[in-house]
Amino acid sequence: QLHGRYVLAENPAGLVVVDMHAAHERILYQRLKATLAQGGVKTQALLVPVTVAVGPRERQWIEAYGALFAQAGLDLTALGPETVAVRQIPALLAGLDIAGLVRDLLADLAAQEASDRSERAILDVLASLACHGAVRANRPLNLLEMNALLRDMERTDHGGQCNHGRPTWAQLTLAELDRLFRRGR
């Protein structure tokens, strides 16, 4: 792992540099899409609901997109004019900062002015969930986690770019490395 952001790996062609957040984001997004297509996102009920303070605009987004949140595996219930309770989350996102995830999701929806088309809107929700659920920079990964990330990337559709279009990995061939270090001259 390099500077808490990149995983360095070797393949027959040379060196592979993987942006761990972008790669994990794509993996989560594809998994969420697949589970949705197979009949619904697997969820996990929270033993203790997480409360999130919301403003009037955020409250409108929750009311307008409540069905989409539910379809994506999030159960958001209004407790009052300025408080929402999260009672259930997608199982893939267990262990995350749920309040932060909900705030980020609402900020994404507000920024994107989500589409009225439910199919596009649900994919936007899944993309936000995947982005905010992916490993973050400076989170140390052990060797098993790095290898699992690389293997998952190999099996993931569109694994070469994250949901925002950024590349998830770059290749430096042995010839490029040799030129860089002026080998063979």
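Since this is a predicted model, take the numbers as computed values, not measurements.

Calculation notes
- Residues numbered from 1 in each chain as written.
- Predicted model: local features only at pLDDT ≥ 70, side-chain atom pairs only at ≥ 80, totals over all residues.
- Heavy atoms only, no water.
- Pairing = 2+ DSSP bridges.
- Helix = DSSP H or I, 4+ residues; strand = E, 2+ residues; numbered from the N terminus.
- Axes fitted to C-alpha atoms, helices over the stretch in contact; angles between N-to-C directions.
- Disulfide = S-S within 2.5 Å.
- Core = buried A, V, L, I, M, F, W, Y, C linked by side-chain atoms within 4.5 Å.
- Buried < 20%, exposed > 50% of the residue type's maximum accessible area, 1.4 Å probe, protein only.
- Contact = heavy atoms within 4.5 Å.
- Polar contact = N/O pair within 3.5 Å; in protein donor to acceptor, adjacent residues only side chain to side chain.

## Examining the sheet that holds strand β5 (residues 83-90)
- In spatial order, the strands read β3-β5-β4; together these three strands make up an open sheet with antiparallel pairing. The open sheet has two edge strands with one neighbour each: β3 (43-53) and β4 (75-80). The average undirected angle you get between the axes of adjacent strands in this sheet is 20°.
- In this sheet, β5 lies alongside β4 in antiparallel orientation, the contact comprising five bridges. Note that in β5 the partner of Ala 78 across the bridge is Val 84.

## Quick notes on the state of the cysteines
- Scanning all chains against the criterion turns up zero disulfides.
- The cysteine Cys 131 is free of any disulfide, with Cys 162 supplying the nearest cysteine sulfur at 7.4 Å.

## Quick look at the nonpolar core
- Among the nonpolar cores identified, the biggest contains 35 residues, and Phe 69, Leu 74, Leu 76, Val 86, Leu 126 and Leu 129 are the most heavily contacted of them.
- Leave out the neighbours within four places in its chain, and Leu 129 touches Leu 32, Ala 72, Leu 74, Pro 90, Leu 93, Leu 101 and Leu 105.
- Grouped together as the second largest cluster of nonpolar side chains are 13 residues, Val 16, Met 20, Leu 150 and Met 153 included.

## Here we look at the side chain of Thr 156
- Relative to the assigned elements, Thr 156 resides in the loop between α6 (143-155) and β6 (169-173).
- Judged by its relative accessible area of 14%, Thr 156 is buried.
- In this structure the side chain of Thr 156 is engaged in a polar contact, spanning 2.5 Å, whose partner is the backbone oxygen of Asp 152.
- Excluding residues that lie within four positions of it along the chain, Thr 156 makes contacts with Arg 26, Ile 27 and Gln 30.

## Comments concerning the sheet that holds strand β2 (residues 14-19)
- The antiparallel open sheet is built from three strands, whose spatial order is β1-β2-β6. Only two strands of the sheet have a single neighbouring strand rather than two, namely β1 (6-11) and β6. Ignoring strand direction, the axes of neighbouring strands in this sheet form an average angle of 20°.
- Examined bridge by bridge, β2 and β6 share five bridges and lie antiparallel to one another. Bridge assignment links Val 18 to a residue of β6, and that residue is Trp 169.
- With respect to the sheet, helix α1 (residues 20-37) is in contact with β1 and β2, its orientation differing from that of β2 by roughly 70°.

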